[in-house]
Amino acid sequence: MLTSLDIDGDTWLHRLPVRLKLAALVVISIGLFLVERPLPLGAAAGLGAFVYVRLGMRPGEAFRRIRPVLFTIAILGLFNLVFLPAAEALASVLRLVALLLAAASVTATTTIAAFIDTLTALARPLERLGLLKAADVGLAFGLVMRFVPEIHLRYARLKEAHQARGVPVRLHRLLGPLIISVLKDADAIAEAIDARGIRGQ
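Please read these numbers as outputs of a predicted model, since none were measured by experiment.

1. Focus on the overall build of the protein chain
- Tallying secondary structure elements over the protein chain gives nine helices and zero strands in all.
- Reading the protein chain from its N end, one meets helices and strands in the order α-α-α-α-α-α-α-α-α.
- The burial tally for the protein chain puts 30% of its 201 residues in the buried class.
- Considering only contacts within the protein chain whose residues lie at least 6 apart along the sequence, 71% involve residues at least 24 apart.
- Entry remark: accessible area of the protein chain is about 12,700 Å², with carbon and sulfur atoms responsible for 68%.

2. Some thoughts on the packing of helix H3 (residues 38-53) against helix H5 (residues 86-108)
- Contact geometry for H3 and H5: axes closest at 8 Å, N-to-C directions at 25 degrees. If you check the angle between H3 and H5, you find them roughly parallel. Crossing angle aside, the handedness with which H3 passes H5 is left-handed. Touching Pro 38, Leu 41, Gly 42, Ala 44, Ala 45, Gly 48, Ala 49, Val 51 and Tyr 52 of H3 are Ala 87, Leu 90, Ala 91, Leu 94, Arg 95, Val 97, Ala 98, Leu 101, Ala 104 and Ser 105, all from H5.
- Tallied by class, the residues present in the contact of H3 with H5 amount to 15 nonpolar, three polar and one charged.

3. A closer look at the nonpolar core
- Residues Tyr 52, Leu 55, Met 57 and Ile 66 are the most contacted members of the largest nonpolar core, which totals 19 residues.
- Within the residue set of this core, elements represented by two or more residues are H3, helix H4 (59-83) and H5.
- Looking at which element gives the most residues to this core, the answer is H5, with eight residues.
- In this structure, Ile 66 is in contact with Tyr 52, Leu 100, Leu 101 and Ala 104, ignoring residues within four places of it in sequence.

4. Some details on the pattern of salt bridges
- Per the counting criterion, the structure on display carries three salt bridges.
- Asp 10 serves as the salt-bridge partner of Arg 15, at 3.4 Å between the closest nitrogen and oxygen.
- Among the residues examined, Asp 10 registers a relative accessible area of 59% and is labelled exposed.
- With a shortest N-O distance of 3.8 Å, Arg 95 and Glu 36 are connected by a salt bridge. Taken together, the residues span a long stretch of sequence, with Arg 95 in helix H5 and Glu 36 in the loop between helix H2 (18-34) and H3 at a distance of 59 residues.

5. Points about a positive patch on the surface
- Together, Arg 58, Arg 64, Arg 67 and Lys 159 line one region of the surface with positive charge.
- Within the secondary structure, Lys 159 is located in helix H8 (residues 134-164).

6. Quick notes on a nonpolar patch on the surface
- On the surface, Phe 71, Ile 75, Phe 79, Val 82, Phe 83 and Leu 84 cluster together to form a nonpolar patch covering roughly 660 Å² of accessible area.
- Along the polypeptide, Phe 83 turns up in helix H4.

7. Considerations on the environment of Leu 178
- Among the structural elements, Leu 178 can be located in helix H9 (residues 171-196).
- The class of Leu 178 is buried, set by a relative accessible area of 11%.
- When the C-alpha atoms of Leu 178 and Arg 157 are compared, they prove to be 9.9 Å apart, with 21 residues separating the residues in sequence.
- Setting aside residues up to four positions removed in sequence, Leu 178 forms contacts with Ile 151, Arg 154, Tyr 155 and Leu 158.

Calculation rules
- Residues numbered from 1 in each chain as written.
- Predicted model: local features only at pLDDT ≥ 70, side-chain atom pairs only at ≥ 80, totals over all residues.
- Heavy atoms only, no water.
- Helix = DSSP H or I, 4+ residues; strand = E, 2+ residues; numbered from the N terminus.
- Buried < 20%, exposed > 50% of the residue type's maximum accessible area, 1.4 Å probe, protein only.
- Contact = heavy atoms within 4.5 Å.
- Areas by Shrake-Rupley, 256 points an atom, 1.4 Å probe, with all protein chains shown as cover.
- Axes fitted to C-alpha atoms, helices over the stretch in contact; angles between N-to-C directions.
- Parallel < 35°, antiparallel > 145°, perpendicular 65-115°, else oblique.
- Left-handed = near helix turned anticlockwise from the far one by under 90°.
- Nonpolar A, V, L, I, M, F, W, Y, C, P; charged D, E, K, R; others polar.
- Core = buried A, V, L, I, M, F, W, Y, C linked by side-chain atoms within 4.5 Å.
- Salt bridge = Lys/Arg side-chain N within 4 Å of Asp/Glu carboxyl O.
- Patch = residues over 30% accessible without salt bridge, like charges linked within 9 Å, V, L, I, M, F, W, Y side chains within 5 Å.
- Lys, Arg positive; Asp, Glu negative; His and termini not counted.
- Charge placed at Lys NZ, Arg CZ, Asp CG, Glu CD.

What follows is the structure in structure tokens.
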């Protein structure tokens, strides 16, 4: 079961500074959307897959991490195939897959604490301008990152509970209890944060 977005390792990507990884991700994202031909986009997706699978994860775990987004991309690709030329639809899918693999590689090799520290530091200039609280930006991002595997875990538990009762698993039946449980936890966390004065004042 996925309990953390980052993995332990000592690959070259693990050792890169977080700012450099985020900057590279921005450049890669812009570059991918400037390319229109499927061939270079396919090469980018292949390179992204090569980097991703060499991060030290088992193949099953590596696939589970990106499976929901891959499924969404596949559906989007089918819709594009109906309304767009085949080459354009293929280019769109390859672009999104390459971007997904790049983002997944950065996420898997960066701890939540490192993300928080980096984003807080990057937000300092905006704080000096009075636009926001840098600590709040880092805290909000950290909470989102922490809740991603937690939501996945809760979904899996609800699914198992339905299967144990012999109830057919349907997404619309799981969404209600899942959203309610997440919102309850979010309220509890918000109250705890305010009680401890963690948020910037």
